[in-house]
Amino acid sequence: SQVSFEEESQNSPSVGHWKPLMPSKGDKEEPGSGSQDAGGVHEPQSTEQLNVSRLRSSSVEIREKGSEFLRDELHKAQKELKLKDKECERLSKVREQLEQELEELTASLFEEAHKMVREANTKQAAAEKQLREARGKIDMLQAEVTALKTLVITSTPSSPNRELHPQLQTPSRAGFRKGHGRNKSTSSAMVSAASHNVAPEPVSRECKEVDSILFAEFQAWKESPTLEKSCSFLDRIYREDVGPCLDFTKQELSELVRVAVEQNTLTIEPVASQTVPVGKVATEECGGPKKCALSGLPRTCKHRIMLGDSGSYYYISPSCRARITAVCNFFTYIRYIQQGLVRQDVEPMYWEVMRLRREMSLAKLGFYPSEM
């Protein structure tokens, strides 16, 4: 009966039959074999994971050691930078100190040179005055010698000169001229020489008085020195001194000279050889050893000028050279004041500026030293 029931159950159609969830015996053996295979696969996987973990730990350790090494190097570099910063600061202080000492030395040298130039000019003026006086005395003595020679020659035994031999004169005349037996020229020369020795002529001393307007303008300019013409100090000097002093017959060349003087690019040099210039500019414009290029007049030119780097020379007369030199001296001094190289009080600076202005005034009127 059981067998028939099983056959019926096998032959009957499976309507609404659920598949068994549990596998059959045959199915159980396959997973068993699969689990054995899986167990064989898991062993290399665990070894690989172990190796990976070891690599990870070693890389982390290397990274930590590398970061620690980099931190040490960074710390060392920061220390070196601090030391270098301190060294740079010390060197900058040394440089500033050297620059200050150099500036003070330059200023003192300039003041000493300026003082020596003033003393040399004063001594030169005194020597020239003594030379003129000596020449005057020599001329006077030569005139006296010539007069004495004339008297001696004209006095002979046959016709004696009664002026030279007062004992030959009449008593009345001799009495009248008693004590005045010398020749008139000789006695007058002796008297003048004696009076010159007894009462020497007084030495003239120059008196100075500060002009309040000019001094105020100079003080205002000294507070912020500049070479611009807009300030009242330089505007006045341009109008009264620089402009008239550099106003020559050749207007175009005069303007070029003025610009070169202002820009400090003008060169003056003595004429080495008496050759007429050749090159870019015509001979008539450059002048020559016997013709001044600025005035256009026939003059003996001992100097020539060059404007900037033009390469063209212009021959100038001594008078024109004195005028240009006076203006250049003025601009040189105010440039030194602007650069802070003149370490003096305001009043000595003012009087030096006034002296340079006087030189420009004399030069534009035609006065210049004979050595030019």
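Cut-offs applied
- Residues numbered from 1 in each chain as written.
- Predicted model: local features only at pLDDT ≥ 70, side-chain atom pairs only at ≥ 80, totals over all residues.
- Heavy atoms only, no water.
- Patch = residues over 30% accessible without salt bridge, like charges linked within 9 Å, V, L, I, M, F, W, Y side chains within 5 Å.
- Areas by Shrake-Rupley, 256 points an atom, 1.4 Å probe, with all protein chains shown as cover.
- Salt bridge = Lys/Arg side-chain N within 4 Å of Asp/Glu carboxyl O.
- Lys, Arg positive; Asp, Glu negative; His and termini not counted.
- Charge placed at Lys NZ, Arg CZ, Asp CG, Glu CD.
- Buried < 20%, exposed > 50% of the residue type's maximum accessible area, 1.4 Å probe, protein only.
- Helix = DSSP H or I, 4+ residues; strand = E, 2+ residues; numbered from the N terminus.
- Axes fitted to C-alpha atoms, helices over the stretch in contact; angles between N-to-C directions.
- Parallel < 35°, antiparallel > 145°, perpendicular 65-115°, else oblique.
- Contact = heavy atoms within 4.5 Å.
- Nonpolar A, V, L, I, M, F, W, Y, C, P; charged D, E, K, R; others polar.
- Core = buried A, V, L, I, M, F, W, Y, C linked by side-chain atoms within 4.5 Å.
- pLDDT = per-residue confidence, 0-100.
- Pairing = 2+ DSSP bridges.
- 1 Å grid on protein atoms, 1.4 Å probe; cavity = no way out; pocket = protein on both sides within 12 Å on 5 of 7 lines; lining within 4 Å.
- Points joined across faces, edges and corners; volume = space filled by probe spheres on them.
- Domains from an automatic or database assignment.
- Phe/Tyr/Trp six-rings, centres within 6.5 Å; stacked < 30°, edge-to-face > 60°.
- Lys NZ or Arg CZ within 6 Å of the ring centre and 35° of its normal.

Novice: Looking at this structure, I do not really get a negative patch on the surface. What am I missing?
Specialist: Taken together, Glu64, Glu68, Asp72, Glu73 and Glu80 make up a surface patch of like negative charges. The class of glutamate 68 is partly exposed, set by a relative accessible area of 45%.

Novice: Got a minute to help me understand a nonpolar patch on the surface in this structure?
Specialist: On the surface, Leu102, Leu105 and Leu109 cluster together into a nonpolar patch covering about 310 Å² of accessible area. Along the polypeptide, leucine 105 turns up in helix α2 (residues 25-154).

Novice: I'm lost on the packing of helix α6 (residues 232-245) against helix α10 (residues 346-364) in this one. Help?
Specialist: Taken N-terminus to C-terminus, the directions of α6 and α10 make an angle of 30 degrees; their axes are 8 Å apart at the nearest point. One finds that α6 runs roughly parallel with respect to α10. Listed contacts from α10 to Phe233, Arg236, Ile237, Glu240, Asp241, Val242, Pro244 and Cys245 of α6 are Val353, Arg357, Met360, Ser361, Ala363 and Lys364. In the contact of α6 with α10, the residues fall into 8 nonpolar, 1 polar and 5 charged.

Novice: Before we go on, may I ask you to explain the nonpolar core in this structure?
Specialist: Nonpolar side chains tend to gather and get buried jointly when the protein is soluble and globular. Counting residues in each nonpolar core, the largest one holds 48 residues, and the members touching the most others are Val257, Leu294, Ile324 and Phe330. Elements that contribute at least two residues to this core include exactly α5 (212-223), α6, α7 (251-262), β2 (303-307), β3 (313-316), α9 (318-338) and α10. No other element matches the 9 residues that α9 contributes to this core.

Novice: Can you walk me through the confidence of the model for the chain in this structure?
Specialist: Note that predicted coordinates carrying low pLDDT should not be read in detail. Looking at the chain, pLDDT values average 77 and 69% of them are 70 or higher. Taken element by element, the predicted model of the chain shows its lowest mean pLDDT in helix α4 (residues 184-198) (39) and its highest in α6 (95). Of the regions scoring below 50 in pLDDT, residues 12-38 engages in 1 contact with residues more than four places distant in sequence or in other chains. Below pLDDT 50 for its whole length, residues 170-201 participates in 18 contacts with residues either more than four positions away or in separate chains.

Novice: What exactly am I supposed to notice about the sheet that holds strand β1 (residues 266-270) here?
Specialist: In any sheet, the strands associate via hydrogen bonds between backbone groups, in a parallel or an antiparallel arrangement. Strand order in the open sheet made by the 3 strands is β1-β2-β3, with antiparallel pairing throughout. Of all strands in the sheet, those with a lone pairing partner are β1 and β3, marking the two edges. Along the sheet, successive strands turn relative to each other by an average axial angle of 30 degrees, direction set aside. Across 4 bridges, β2 lies against β3 in antiparallel orientation. Looking across to β3, one finds that arginine 304 is bridged to tyrosine 315. Contacts from α7 reach β1, β2 and β3, with the element oriented near 75 degrees to β2.

Novice: For this particular structure, what's the right way to read unusual backbone geometry?
Specialist: Excluding glycine, residues mostly carry a negative phi; peptide bonds, for their part, are mostly trans. With a phi close to 60 degrees, asparagine 264 is a non-glycine residue in the positive phi region. Secondary-structure assignment places asparagine 264 in the loop between α7 and β1.

Novice: Quick question: what am I supposed to make of the packing of α6 against α9 here?
Specialist: Any two packed helices are characterised by how steeply their axes cross, that is the angle between the axes, and by the distance between the axes. At a minimum axis distance of 9 Å, the contact between α6 and α9 shows a crossing angle of 155 degrees. Relative to α9, the element α6 lies roughly antiparallel. Listed contacts from α9 to Leu234, Ile237, Tyr238, Val242, Pro244 and Cys245 of α6 are Arg323, Val327, Phe330, Phe331 and Ile334. Across the contact of α6 with α9, the residue classes break down as 10 nonpolar, no polar and 1 charged.

Novice: Help me out: how do you make sense of the layout of surface pockets in this one?
Specialist: Summary: where empty space remains is shown by rolling a probe the size of a single water molecule over the atoms. Quantified by volume, the largest pocket comes out at close to 1,400 Å³. Forming the walls of the largest pocket are 36 residues, and the residues nearest its centre are Asn121, Thr122, Arg355, Glu359 and Pro369. Per-element tally for the lining of the largest pocket: the top contributor is α2, with 13 residues. Each of domain 1 (54-155) and domain 2 (224-273 + 284-365) gives at least three residues to the lining of the largest pocket. Empty space within the second largest pocket amounts to approximately 340 Å³. Lining of the second largest pocket is provided by Arg118, Glu206, Cys207, Lys208, Gln344, Pro348, Trp351, Glu352, Met354, Arg355 and Arg358. Split into classes, the residues belonging to the lining of the second largest pocket amount to 4 nonpolar, 1 polar and 6 charged.

Novice: Which parts of the structure should I look at to understand the packing of aromatic side chains?
Specialist: The geometry of an aromatic ring pair is captured by the separation of the ring centres together with the interplanar angle, meaning the angle of the planes. Going through the model one piece at a time under the given rule, you end up with 9 aromatic pairs. Seen from their ring centres, tyrosine 350 and tryptophan 351 are 5.3 Å apart, and the 65 degrees between their planes marks the pair as edge-to-face. Like tyrosine 350, the residue tryptophan 351 is buried in the burial classification. Connected via pairs of aromatic rings, a cluster forms that spans Phe215, Phe218, Trp221, Phe233, Tyr350 and Trp351. In this structure, lysine 208 packs its charged tip against the face of tryptophan 351, placed 4.8 Å from the ring centre. For the cation-ring pair, lysine 229 lies above tyrosine 238, with the distance from its terminal atom to the ring centre recorded as 4.9 Å.

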